[in-house]
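# Results of the structural survey
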Amino acid sequence: FFGAADDVPFAAAKQLVADHVAGRPLAHPEAFARRMRAYLFRYGLGTFSAGMAAIDLALWDMYAKLLGVPVGVAMGGEARSVPVYRTFEFGLTTEENCELSAAAFDEGMAGVKLHVYPTVEDERTIHAVAELARDRDRPFMLDSTRRCTLTQAIHLADVAAEAGALWFEEPIPESDLEACEILARSSRIAIATGEALKSLGEAQVFLSRHLCATLQP
C-alpha cells in the first residue's frame, strides 16, 4: 500500500515466520509473541514491530478459528455487536465526500470518517458532511494520519468541534509528546491515536499523561 515503505516490515515478517513460526505446532499466539520479542530484544522492535504485528494478527485469527470463536472471544472478550463506519481516502473533493457519505449511510453504515489535509477546502468539507450526518442522525469523524502541524491541528479541531465531529484521529505525529499534550489540553473534541504506537510502553505514556481521549492500537 505504501510502496517501498512496506519493504522492511515485509522482510522482517518473512524472516520471523521462517525462524519462529513455520513448521511449529499451533500454540497460543502469546507463546509465539514471547519467542519473537525475545529474538528482537537485542535489536529493539522499531520497524520490526509492523512485521511482528502482521504475524500476531494472523496467529490470533488461526487460533480463534481452531476454537471456533471470534478473535475477540479468543482473546478473553465477549461476543457483542459493534457499530461499523466507513473511511474515505485522501484527496477527495467536498462533493465526493458528501456523495460517498450519503451512499454509506444508505448502506446502513453507523458513521463515516473523512481524511483531511490541512487545506482550505477541509473546512467546507467538514461542514458539508456534518450537515449530511445530522440529517441522517449519524456521527462523523476526522483523520489526518499525522499530517498537521500543531497550529493546523488546533484549528481543525476547533472546526470539527463546532461541526459536531465525534473524534479527530492522529492529527499530529505521536513522537512529538509536547505538541500532543498541548493539543489534548486545548482541543474541544476527542483526540484519538494509537495506530503508530509500537509497544505497550508507548501506549502507557499516552494514557498516563492523558494525551488522547481514545486509544486505537
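You'll find the structure just up there.
Only a predicted model underlies this, so the values are computations on that prediction, with no experimental measurement involved.

The rules behind these values
- Residues numbered from 1 in each chain as written.
- Predicted model: local features only at pLDDT ≥ 70, side-chain atom pairs only at ≥ 80, totals over all residues.
- Heavy atoms only, no water.
- Salt bridge = Lys/Arg side-chain N within 4 Å of Asp/Glu carboxyl O.
- Helix = DSSP H or I, 4+ residues; strand = E, 2+ residues; numbered from the N terminus.
- Buried < 20%, exposed > 50% of the residue type's maximum accessible area, 1.4 Å probe, protein only.
- Axes fitted to C-alpha atoms, helices over the stretch in contact; angles between N-to-C directions.
- Parallel < 35°, antiparallel > 145°, perpendicular 65-115°, else oblique.
- Left-handed = near helix turned anticlockwise from the far one by under 90°.
- Contact = heavy atoms within 4.5 Å.
- Nonpolar A, V, L, I, M, F, W, Y, C, P; charged D, E, K, R; others polar.

Tallied over the full model, the rule gives 14 salt bridges. Linking glutamate 107 and arginine 86 is a salt bridge whose minimum nitrogen-to-oxygen distance equals 2.7 Å. Of this pair, glutamate 107 sits in the loop between helix H5 (94-106) and strand E2 (111-115) while arginine 86 is found in strand E1 (residues 85-87), placing the two residues 21 residues apart along the sequence. Under the relative-accessibility criterion, glutamate 107 is labelled exposed at 53%. Residue class for arginine 86 comes out partly exposed when judged on its relative accessible area of 27%. Taking the shortest distance from any N to any O, the salt bridge between aspartate 158 and arginine 188 comes out at 3.8 Å. Separated by 30 residues along the polypeptide, aspartate 158 in helix H7 (residues 150-163) and arginine 188 in the loop between helix H8 (177-186) and strand E5 (190-193) bring together distant segments of the chain. Judged by its relative accessible area of 27%, aspartate 158 is partly exposed. Linked by salt bridges that have partners in common, Glu95, Glu121 and Arg124 make up one network.

Bringing the packing of helix H6 (residues 120-136) against H7 into the picture now. The N-to-C vectors of H6 and H7 enclose an angle of 20 degrees; their axes lie 9 Å apart at closest approach. The angle between H6 and H7 places the two elements in the roughly parallel class. Judged by the sense of rotation from one axis to the other, the crossing of H6 with H7 is right-handed. Touching Asp122, Glu123, Ile126, His127, Ala130 and Arg134 of H6 are His155, Leu156, Val159, Ala160 and Ala163, all from H7. Considering only residue class, the contact of H6 with H7 consists of six nonpolar, two polar and three charged.

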